[in-house]
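Topology and contacts: notes
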Amino acid sequence: MKRILLFVCIQFFLLASFAGETINFCKGWKFHLGDAGKGASSSSYNDSQWRILNIPHDWSIEGTYKQFENGTDWQSGFLPAGISWYRKTFTIPSKWKNKKVQILFEGVYLNSEVWINGHWLGKRPNGYISFVYDLTPYLQEGKNQIAVKVDHSKALTGRWYTGSGIYRPVYLLVSNPTHIPYSGIHFRSKLQNKQSATYTLSIEIETQEKKPIKVKTYLQAPNGSIADTSEKIFVPSADSLCFLSGSIRKPLLWSPDSPNVYTLICQLTRDNKILDECRLPVGFRQLEFNPVSGFLLNGKSLKIKGVCDHHTAGAVGAAVPDDLLHYRLKLLKDMGCNAIRTSHNPFSPAFYNLCDTMGIMVLNEGLDGWNQPKAADDYGNYFDEWWQKDMTDFIKRDRNHPSIIMWSIGNEVTGATPEIQHNLVSLFHQLDPDRPVTQGGTDPTRGMKTDYQKKINYLDIIGFNGNGEEIGELEHFHKNYPTLCAIATEVPHTYQTRGVYRSQTQWRRRDFPAPWEKGNINWEQFKHRVFPIPDLTEKECFPEESDYPYYQSSYDNASVRISARKSWQRTCSFPWLMGEFRWGSFDYLGEAEWPQRCGNFGIIDIAAIPKDAYFLYQSLWTDKPMVHLLPHWTHPGKEGKTIPVVIYTNCDAVELFINNVSLGSKPYTGEQLIWLVPYSPGKIEARGIKKGKIVATDCYQSAEAPHSVALASNKYSVKAGSDEVIRIEIDITDKNGIPCPYASNELSFHVSGPLRLLGVDNGNPTDMFPYQQPHCRCFRGKCVVLLQSDEEKGKGTLTVQGTKLVEKKLIIEVI
């Protein structure tokens, strides 16, 4: 029931800023990979041999990784680019006569061109911006046809994997000629005191008539009651804006702990007939950004516990179902995360709706770079012509969301100039006067000589990326500029590979340099800028891991400049620093040198399996008693050798046991707890203690040889034809059901009944298999299978097989 309500909630708000009938236009498209030529835009073109599919669709993720042949590179992820075409035929019902019909694309990557019945509607270079075209002048009785060309032929368009195609939903928007356009409402609220709040509305109205229109609004409280109404007679003129205002008593405030969302209902009526109606989620909260006390929400100091995230999601690429997006956001929420930076472009409308209802604050970033490309073929080539149009559409689409607390206009911008920064900040202030503007990484090393005192920086909040991790950098800033607000927009950068451990500290520049650092490494000159991370043992405890140079340690000891725990300690020690957005949340495709498909920046791997760092942040960011120990306890050949056992907790103390024998307890004082334990097979257990009572436990049992698999599904029934995703996490286990953490068995997956395979993944950054294949090799004992339902109802079955492993089946009800 909760899943159904969530789905309804998403769909209800998905097109919140459009007024009128909204028609899902995602099913039954025809697709051709390759340039079909200009003739494909004509309604007479023969597309009978084209593939039939549903939108959203990312065709690059269906391809094969190739180091050179695809034209993509280490930045964009080695998957194919190119050109593709989409076509869809539809029939106009008679009730649409005299209606205005528009088409909304929430995201097409990239350089999209759209035709209706052979008439060219326009081109949008930016692959992340939502856009609308008016179809009305070109529609005809009977059949009509939409054609879309997607030109990703210049492959180097991003510094991470971008996806290709119509990768977000498409809708038809049908309204009366007199209507409120998409993104045509601006809601602004203000708290007067704890007992009351006011709000103002500006509503765009499109009409060809001069007759008066009654504009009426209802503000619906979270419980469904009407909290306030307002109305006005609007007489159309050269000015298409109608302004209204209202107030409510005892508003329910929005916050991460209490994400109270109101619904604004706006109606246009004439002669007691509704001409148009739209609904959008809004909220009441007070934002304060202070150079002394940091960030305050609703009058209370709040540290931003944030992560940076990309818009893709592993095996599904850029075409992320809402259900899977919710799963990923819930993982972050359960970790204690309260904020996300949309690195480095606009996300889908569904993302912001979920953040509204789940209580996740958003630093909404509109651009990566500006007018100088950072990747050869990226948006920098179009910036001068398109930035004002694209950023206007971006701001107007998103500015009503209560979850959004600030904007970002760029990230580590190449060749940044004060003039462009000033123009961008001015546009954001003009269209949204209520939120501040920041930027990821304004440090001078990126080409912009920043002089805060002389206002060569026009930002409201100064953002710190990598330089904010260095010794003395934040202290120096605050000492010299005590009146300026600051946020760590990209701090810290640490690495982990799930299931891999090294007891000696590794630094990226010294031990596993990034591609841009090779040939430019001088560790001796750099090391004085980093915060020391002591080795856990004098001699490496896991020398066998040196065979895997692209894997980093799952202890908190592989970094660029600082450990995760030290970074958060520093963030908490500066009252004026609003918080931090760590890089990153999930591992993501791209920014990884061959033979890797992804780097190891995430605290959750690319298959959405949490790493040990996930629990480190949970210990730092949550209050619910927890304890987590690492590493696992299956280390054949290390009998008698000392292994560092690390505990993450938020309890008062932890007691450690080996085979039910206590190794003593240690008090938690804000640091990780460490035991040096001679390895002996059996059971290791950590018991978290609070006020003298055991309140949390974690344990591992040594595993024997692989024998079978364990299947854990996030759901066992789904609605037919929905976008729900069944996520099955698979463990290789021994004969006693104990997970085998070093197992790498090849598994095959057979799907029958009304189910289809959406993708498979194992989290291994160096495994280059296609995600849609029905088999994969487990990585460190695990893999994940993603399924979706077909249109039919019935029982679906997933069968998992592996050589010398007991076969397992999972039944899913499709209802």
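Nothing here was measured: the structure is a model prediction, and the numbers come from that model.

1. Details of the environment of Ile643
On the secondary structure map, Ile643 appears in strand β32 (residues 642–649). Judged by relative accessible area, which is 0%, Ile643 ranks as buried. With sequence-adjacent residues up to four places away left out, Ile643 is seen in contact with Cys541, Phe542, Tyr555, Pro631, Trp633, His635, Lys638, Trp675, Leu676, Val677 and Tyr679.

2. Overview of the environment of Glu106
Within the secondary structure, Glu106 sits in the loop between β5 (100–105) and β6 (112–116). Between the alpha carbons of Glu106 and Asp35 there is a distance of 23 Å; along the sequence they are 71 residues apart.

3. Looking at helix α4 (residues 383–398)
Because an α-helix packs 3.6 residues into every turn, residues spaced three or four apart end up facing the same way. Residues of α4 that are buried include every one of Phe383, Trp386, Trp387, Asp390, Met391, Asp393, Phe394, Ile395, Lys396, Arg397 and Asp398, and no others. Turning to α4, the residues buried within the fold contact β7 (119–124), β12 (196–204), α3 (349–358), β23 (361–365), β24 (404–411) and α5 (418–431).

4. A short note on the sheet that holds strand β36 (residues 683–690)
Spatially, β34-β33-β36-β37 is the arrangement adopted by the four strands of the open sheet, whose pairing is antiparallel. Since the sheet does not close on itself, it has two edges, and those belong to β34 (661–667) and β37 (693–701), each with one partner. Pairwise comparison of adjacent strand axes, ignoring direction, gives a mean angle of 20° for this sheet. Bridging between strand β33 (residues 653–658) and β36 involves six bridges; their strand directions are antiparallel.

5. Focus: the pattern of salt bridges
Per the stated rule, a full pass over the model turns up 50 salt bridges. Among the ionic pairs, Glu231 bridges to Lys216, the shortest N-O distance being 3.6 Å. Taken together, the residues Glu231 in strand β14 (residues 226–234) and Lys216 in strand β13 (residues 213–220) connect sequence positions 15 residues apart. Residue classification places Glu231 among the partly exposed residues on the basis of a relative accessible area of 46%. In this structure, Lys735 and Glu704 form a salt bridge, with 3.9 Å as the shortest nitrogen-oxygen distance. Remark: Glu704 occurs in the loop between β37 and β38 (708–713) and Lys735 occurs in the loop between β40 (726–733) and β41 (746–752); sequence separation between them is 31 residues.

6. Remarks on the sheet that holds strand β43 (residues 775–777)
Judged by pairing direction, the sheet is mixed, and its five strands sit side by side in the order β39-β46-β45-β41-β43 without closing on themselves. Every other strand in the sheet has two partners, leaving β39 (717–718) and β43 as the edge strands with one partner each. Direction of pairing for β41 relative to β43: antiparallel, over a ladder of three bridges. Along β43, the bridge assignment pairs Leu747 with Cys776.

7. Regarding unusual backbone geometry
Negative phi is the rule for most residues except glycine; trans is the rule for most peptide bonds. For the bond running from Ser343 to His344, omega is -5°, close enough to zero to count as cis. Relative to the assigned elements, His344 resides in the loop between β22 (339–342) and α3. For the peptide bond that leads from Trp583 to Gly584, omega is -5°, which places it in the cis range. Position of Gly584 among the secondary structure elements: in the loop between β30 (577–582) and α10 (612–621). The backbone phi angle of Asn111 is positive, close to 50°, even though this residue is not glycine. Phi is positive for Ser183, which is not a glycine, with a value near 60°. Assignment of secondary structure puts Ser183 in the loop between β10 (170–175) and β11 (185–193).

8. Overview of the pairing of strand β15 (residues 241–249)
Across the two faces of β15 the burial differs, with Cys242, Leu244, Gly246 and Ile248 buried and Leu241, Phe243, Ser245, Ser247 and Arg249 not buried at all. The pairing of β12 with β15 spans nine bridges and is classified as antiparallel. Residue pairing in the sheet places Glu204 in a bridge with Leu241 of β15.

9. Thoughts on the packing of helix α9 (residues 564–573) against α10
The axes of two packed helices give the description: the angle between them and the distance between them. At a minimum axis distance of 10 Å, the contact between α9 and α10 shows a crossing angle of 25°. Here α9 is positioned roughly parallel relative to α10, judged by the angle of their axes. Between α9 and α10 lies a crossing of right-handed hand. Facing Ala564, Arg565 and Trp568 of α9, the residues of α10 in contact are Leu616, Tyr617, Leu620 and Trp621. Residue composition of the contact of α9 with α10, grouped by class: six nonpolar, no polar and one charged.

10. Quick notes on the side chain of Asp73
Along the chain, Asp73 turns up in the loop between β3 (51–53) and β4 (82–91). At a separation of 3.0 Å, a polar atom in the side chain of Asp73 contacts the side chain of Ser76. Setting aside its immediate chain neighbours within four residues, Asp73 contacts Phe78 and Leu156.

11. Here's the deal with the confidence of the model for the protein chain
Caution is warranted with low-pLDDT regions, since their predicted coordinates should not be read in detail. Taken residue by residue, the protein chain gives an average pLDDT of 94. The fraction at 70 or more is 96%. The low-confidence segment residues 1–19 (pLDDT under 50) makes 54 contacts with residues lying over four places distant or belonging to another chain. Within the model, pLDDT remains below 50 along residues 443–448, and this stretch shows 15 contacts once partners closer than five positions in the same chain are excluded.

12. Comments concerning the packing of helix α2 (residues 322–335) against α10
The N-to-C vectors of α2 and α10 enclose an angle of 50°; their axes lie 8 Å apart at closest approach. In terms of axis orientation, α2 runs oblique to α10. Side by side, α2 and α10 meet where Leu331, Asp334 and Met335 of the first sit next to Tyr614, Tyr617, Gln618 and Trp621 of the second.

13. Let's talk about the UniProt feature "domain: Glycosyl hydrolases family 2 sugar binding" (unreviewed entry) in the protein chain
Within this numbering scheme, the UniProt entry marks residues 81–173 as carrying the feature "domain: Glycosyl hydrolases family 2 sugar binding" (unreviewed entry). When the span residues 81–173 is considered, its composition is 0% helix and 48% strand, and the gap between its end C-alpha atoms is 31 Å.

14. Some thoughts on the nonpolar core
In terms of nonpolar packing, the biggest core is built from 133 residues, with Ile647, Ile730, Leu747 and Phe749 touching the most fellow members. Discounting residues that sit within four places of it in the chain, Ile647 has contacts with Val627, His628, Leu629, Val654, Leu656, Gln672, Leu673, Trp675 and Ala686. In terms of nonpolar packing, the next biggest core, distinct from the first, is built from 31 residues, Leu297, Ile405, Met406 and Phe601 among them.

15. Describing the domain arrangement of the protein chain
Once the domains are mapped, the protein chain shows domain 1 (21–175), domain 2 (185–282), domain 3 (305–492 + 563–600), domain 4 (627–631 + 633–701) and domain 5 (708–814). On a C-alpha basis, the centres of domain 2 and domain 3 stand 30 Å from each other. Residue-level contacts link 13 residues of domain 2 with 20 residues of domain 3. Together, the buried faces of domain 2 and domain 3 total about 1200 Å²; carbon and sulfur atoms form 54% of this surface. Of all residues in domain 2, the largest losses of buried area upon contact with domain 3 belong to His186, Trp254 and Pro256, amounting jointly to 45% of the total for that side. Linking domain 2 with domain 3 are two salt bridges. On inspection of domain 2 and its partner domain 3, the count reaches six residue pairs in polar contact (both at pLDDT 80 or more).

16. Observations concerning the state of the cysteines
Scanning the entire structure with this criterion turns up zero disulfides. With no disulfide of its own, Cys355 lies 8.7 Å from the sulfur of Cys337, the closest cysteine sulfur. Judged by its relative accessible area of 0%, Cys355 falls in the buried class. Not engaged in a disulfide, the cysteine Cys776 finds its nearest cysteine sulfur in Cys783; these two sulfurs lie 4.1 Å apart.

What counts as what
Residues numbered from 1 in each chain as written. Predicted model: local features only at pLDDT ≥ 70, side-chain atom pairs only at ≥ 80, totals over all residues. Heavy atoms only, no water. Helix = DSSP H or I, 4+ residues; strand = E, 2+ residues; numbered from the N terminus. Buried < 20%, exposed > 50% of the residue type's maximum accessible area, 1.4 Å probe, protein only. Contact = heavy atoms within 4.5 Å. Pairing = 2+ DSSP bridges. Axes fitted to C-alpha atoms, helices over the stretch in contact; angles between N-to-C directions. Salt bridge = Lys/Arg side-chain N within 4 Å of Asp/Glu carboxyl O. Parallel < 35°, antiparallel > 145°, perpendicular 65-115°, else oblique. Left-handed = near helix turned anticlockwise from the far one by under 90°. Nonpolar A, V, L, I, M, F, W, Y, C, P; charged D, E, K, R; others polar. Polar contact = N/O pair within 3.5 Å; in protein donor to acceptor, adjacent residues only side chain to side chain. pLDDT = per-residue confidence, 0-100. UniProt positions renumbered as here; feature names shortened; annotations may be inferred. Core = buried A, V, L, I, M, F, W, Y, C linked by side-chain atoms within 4.5 Å. Domains from an automatic or database assignment. Buried area = accessible area lost by both parts, 1.4 Å probe. Disulfide = S-S within 2.5 Å.

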